[in-house]
Structure formats: structure tokens, C-alpha cells
Amino acid sequence: MNKIKTGIIGCGNISPRYFDAGRRFESLELVGCADMMFERAQARAKEYNTQAFTVDDLIAAVPGLAGQAIECEQVAQLDSKDMDHATWQALAQRSAHHL
């Protein structure tokens, strides 16, 4: 079986759920992880025995995305338990801006 090579962008507090979930799928192969804070990517990479990348390098490694202009912005840095209506509204407005 050909495995689907995957990478995880975002190595914060919730990321272990994604790393652990990926292990349950035999069809997936984790090739690396990335985070805006490279030190977090390095820590998760060590923990999950994979390679740490910068976000730009991980995206550039995806053939379909290489050379494409990708725009992103971080609107909030908080736990979902702290999400109030005003935060959801700000996230929705910024998302709508890009659509």
C-alpha cells in the first residue's frame, strides 16, 4: 500500500491529538511538523520521532503547493475554552476577508 505523506502545521498544546490520531491510520506517513515557533516544532518532532521544519519549508515540500503564494495570518492565540462570542466574530470576519 502506498502511504500518504502528511505533515502537521501547528505544534502547540492541542497538537498531540493530531499526532496521535495520525498513528491510527496505516495509510498515513508523518514526514514532519512545523510551527511558527520553530522550537515547538523541534520539541514535537523529537517527541514523535519525525523531522522539524519551518512552516515555509514544509509547505515548499508539497509539490502541489511549491511556488504558490500562500497567505495566512494568526488572528488569535488562545484555548478553545476561552473563545467568547467576540473572538468567534473576529475570526469569522477575518476569514470572510480572505474569501
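Above this text is the structure in question.
Let me sum up the structure you'll find in this document. Residue numbers restart at each chain and count upward from 1, following the sequence in its written direction. Per-residue local features are limited, in this predicted model, to residues with pLDDT of at least 70; the limit for side-chain atom pairs, both in listing and counting, is 80 or more; totals at the level of whole chains, interfaces and linings are taken over all residues. Heavy atoms from the whole structure form the basis of all side-chain values; hydrogens and water molecules are not counted.

**As for helix 1 (residues 15–23)**
Okay, so step 1: Under the scheme applied here, a residue whose accessible area is under 20% of the maximum for its type counts as buried, over 50% as exposed, and between as partly exposed, the area being computed with a 1.4 Å probe on protein chains only. Secondary structure elements follow DSSP: runs of H or I of four or more residues count as helices, runs of E of two or more count as strands, with numbering from the N terminus. Turning to helix 1, its buried residues are Ser15, Pro16 and Phe19. Buried residues of helix 1, viewed axially, fall in a sector of 100°; they line one side. Exposed residues lying more than 90 degrees from the buried face of helix 1 are Arg17 and Tyr18.
Okay, so step 2: Check the buried side of helix 1 and you find it contacts strand 1 (4–9), strand 2 (28–34) and helix 2 (38–47). What the arc describes is the spread of directions from the helix axis to the C-beta atoms. Contact criterion: two residues are considered in contact whenever any of their non-hydrogen atoms come within 4.5 Å of each other.

**Remarks on the pairing of strand 2**
Okay, so step 1: In this structure, strand 1 lies alongside strand 2, joined through six bridges in parallel fashion. Bridging across to strand 2, Gly7 finds its partner in Gly32.
Okay, so step 2: Assessed by its sense of winding, the connection that carries the chain from strand 1 through helix 1 to strand 2 is right-handed.
Okay, so step 3: The pairing criterion for strands is at least two bridges between them, as found by DSSP. Bridging between strand 2 and strand 3 (residues 52–53) involves two bridges; their strand directions are parallel. Bridged to Ala34 within strand 3 is Phe53.
Okay, so step 4: Handedness of a crossover is defined as follows: with both strands directed away from the viewer, a clockwise route from the first strand across the helix to the second makes it right-handed. For the crossover from strand 2 across helix 2 to strand 3, the handedness is right-handed.

These results come straight from atomic positions and should not be treated as a statement about function.
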